[in-house]
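# Coordinates in review
One letter stands for each residue in the lines below.
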Amino acid sequence: MTIKPENKISELKNLKLYRFLKTIDSAQDVVVRFEGKNLVNFSSNNYLGLAIHPQLKQASKEAVEKYGTGSGASRLITGSMSLHDELEKAIAQFKGCERALIFNSGYHANIGVIPTIAGAGDFIFSDELNHASLIDGCKLSKATTQVYRHNDVAHLEELLKKSSGTNRLIITDSVFSMDGDIAPLPKLLELAEKYDALLYIDEAHGTGVFGKKGCGVAEHLSVNLAHPRLIQMGTLGKALGSFGAYVGGSSALIDYLINKSRAFIYTTALPPAVLAASLAAIQLISKDTSLKEKLWQNISHFHSQFKAKDRLPAFLSPIIPIIIGESGRTMEISQGLFERGFWVQGIRPPTVAEGTARLRITIMATHTTDQIDKLIGALEKLI
Ligand SMILES: *Cc1c(COP(=O)(O)O)cnc(C)c1O
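So, here's what we can say about the structure. Here the structure is a predicted model, which is why all the values come from computation and not from measurement.

Bringing helix 13 (residues 290-305) into the picture now. For helix 13, built from 16 residues, the straight-helix expectation of 22 Å at 1.5 Å per residue is met to within 8% by its first-to-last C-alpha distance of 22 Å. What helix 13 keeps buried is the set Leu291, Lys292, Leu295, Asn298, Ile299, His301, Phe302 and His303. On its buried side, helix 13 packs onto helix 12 (272-287), strand 10 (319-325), strand 13 (357-362) and helix 15 (369-382).

Here it is as structure tokens:
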């Protein structure tokens, strides 16, 4: 029988799980233009507002003038340009690791690295709330993947104990993308040492946001960034306002990935404009932490003004989930917020577990307190 997409679509619509693209007609700013209407954006991962920062734009323009628009080939053919090299060195320094390697996106990095370091016969231990790209990396790896309860180190240890005599890899988001909470990295690293495992952390939402220098949750929790068991992955398209991703670790690891990671090898290298913007972002946040400070002030402001405290998570994070439960109701509230001038994305299964559909609010450094107060007012009427 052939696949009938139209039947599948009807099914999704009945389940209130149908998705469609909403195209904005402006830059990725605090206020975005959608269908002729201005909406205050509370659903962007552009946490620091860097996606429209003049310094990043200028760096991109200069890179286009000097190096053109395309890289023309994959990294191992003729696509490696001096900007790749410069960016990788800057990332390694920023992340405190021996060496870093750029991937074309976070998705590429996760499906490219995990299967390269874990294979048939090996064991992966994966947090149950890990990002889809990590889950896909595990699937591609052919290793035995064991899912441990969210942030439950005792459960993880139980599983590790039962898996003696194999190569082991522990994988976790550092900031969980739909919940906003952080992983207990020091404890995970302790377990990695105790059970001779590697620890792979995904700092997609940590980079630029957590830590004194903005280097991520690992820095925030005082993890030894050069720890031989630690592999740090992160993205350049969220707080850093550009595009792409990186993996940081030992020189030997990076050398091995260059030789073996299919998602690194078989794809055209990132273009100059993107690399230059990433480099400018790292230089900017390394020198100036004021945007990060403003972001955390805004997060605190949201928490202090929002009255229904039992609806809020107990921790501070730029990702604030408000759990509604049912998908239809979640999308109705999201629509209600739209009508009042706010873009707050509703998140439904399979992105989150059945019965935990939610509004996922993200705070940016560039929101004004007035915008945050007005969102809270609208939320309190609708939820
Ligand atoms: C966004 C995200 C990714 C994917 O990164 P892209 O660069 O957007 O492909 C990977 N992991 C996590 C935790 C993410 O939130």
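What follows concerns unusual backbone geometry. A cis geometry characterises the amide bond from Pro349 onward to Pro350, with omega recorded as 10 degrees. Tracing the sequence through the fold places Pro350 in the loop between strand 12 (345-347) and strand 13. Positive phi is not limited to glycine here, since Asn151 has a value of about 55 degrees. Considering the arrangement of structural elements, one finds Asn151 in the loop between strand 5 (144-148) and helix 7 (153-161). Judged by its relative accessible area of 22%, Asn151 is partly exposed. Of note, the phi angle at Ser222 is positive, near 55 degrees, even though the residue is not glycine. By the secondary structure assignment, Ser222 is in the loop between helix 9 (217-220) and strand 8 (230-235). Judged by relative accessible area, Ser222 falls into the exposed class, the value being 66%.

Within soluble globular proteins, side chains that are nonpolar generally end up buried alongside one another. In terms of nonpolar packing, the biggest core is built from 84 residues, with Phe42, Ile170, Phe302, Leu337, Ile361 and Leu375 touching the most fellow members. For this core, the element with the most residues is helix 12, which contributes 10 residues. In this view, Ile361 contacts Phe42, Phe302, Pro318, Ile319, Ile320, Ile322, Val344, Leu375 and Leu379; residues no more than four positions away in its chain are not counted. Formed by 23 residues, the second largest nonpolar core is a distinct cluster that contains Ile124, Cys138, Ala143 and Ile231.

For the coordinates displayed, the defined rule picks out 9 aromatic pairs. Judged by centre distance (6.3 Å) and plane angle (50 degrees), the ring pair of Phe42 and Phe342 falls under tilted. Here Phe42, found in the loop between strand 2 (37-41) and helix 2 (54-67), pairs with Phe342, found in strand 11 (residues 342-343); they are 300 residues apart in sequence, far enough to count as distant. Like Phe42, the residue Phe342 is buried in the burial classification. Put simply, the rings of Phe34, Phe338 and Trp343 pair up and form one aromatic cluster. Between the NZ or CZ atom of Lys13 and the centre of the ring of Tyr18, over which it lies, the distance is 4.5 Å. Residue placement shows Lys22 over the ring face of Phe20; its charged tip is 5.1 Å from the ring centre.

Where helix 13 contacts helix 15, the axes come no closer than 10 Å and their chain directions differ by 35 degrees. The way helix 13 lies across helix 15 gives a crossing that is right-handed. Within the contact between the two elements, helix 13 uses Asn298, His301, Phe302 and Gln305 and helix 15 uses Thr369, Ile372, Asp373, Leu375, Ile376, Leu379 and Glu380. Here the residues of the contact of helix 13 with helix 15 sort into 5 nonpolar, 4 polar and 2 charged.

It is possible for side chains of opposite charge to pair when their charged atoms get near one another. Counted under the stated rule, the structure contains 9 salt bridges. Its salt-bridge partner being Asp196, residue Arg229 comes within 3.1 Å of it at the nearest N-O pair. Of this pair, Arg229 sits in the loop between helix 9 and strand 8 while Asp196 is found in the loop between helix 8 (185-194) and strand 7 (197-202), placing the two residues 33 residues apart along the sequence. On the basis of relative accessible area, Arg229 is assigned to the partly exposed category, the value being 22%. When the shortest N-O distance is used, the salt bridge between Asp370 and Lys374 registers 2.9 Å. Here Asp370 and its partner Lys374 are both found in helix 15, 4 residues apart, which amounts to about one turn of the helix. With relative accessibility at 49%, the residue Lys374 sits in the partly exposed group.

Rules used throughout
Residues numbered from 1 in each chain as written. Predicted model: local features only at pLDDT ≥ 70, side-chain atom pairs only at ≥ 80, totals over all residues. Heavy atoms only, no water. Helix = DSSP H or I, 4+ residues; strand = E, 2+ residues; numbered from the N terminus. Expected span 1.5 Å × (residues − 1). Buried < 20%, exposed > 50% of the residue type's maximum accessible area, 1.4 Å probe, protein only. Contact = heavy atoms within 4.5 Å. Core = buried A, V, L, I, M, F, W, Y, C linked by side-chain atoms within 4.5 Å. Phe/Tyr/Trp six-rings, centres within 6.5 Å; stacked < 30°, edge-to-face > 60°. Lys NZ or Arg CZ within 6 Å of the ring centre and 35° of its normal. Axes fitted to C-alpha atoms, helices over the stretch in contact; angles between N-to-C directions. Left-handed = near helix turned anticlockwise from the far one by under 90°. Nonpolar A, V, L, I, M, F, W, Y, C, P; charged D, E, K, R; others polar. Salt bridge = Lys/Arg side-chain N within 4 Å of Asp/Glu carboxyl O.

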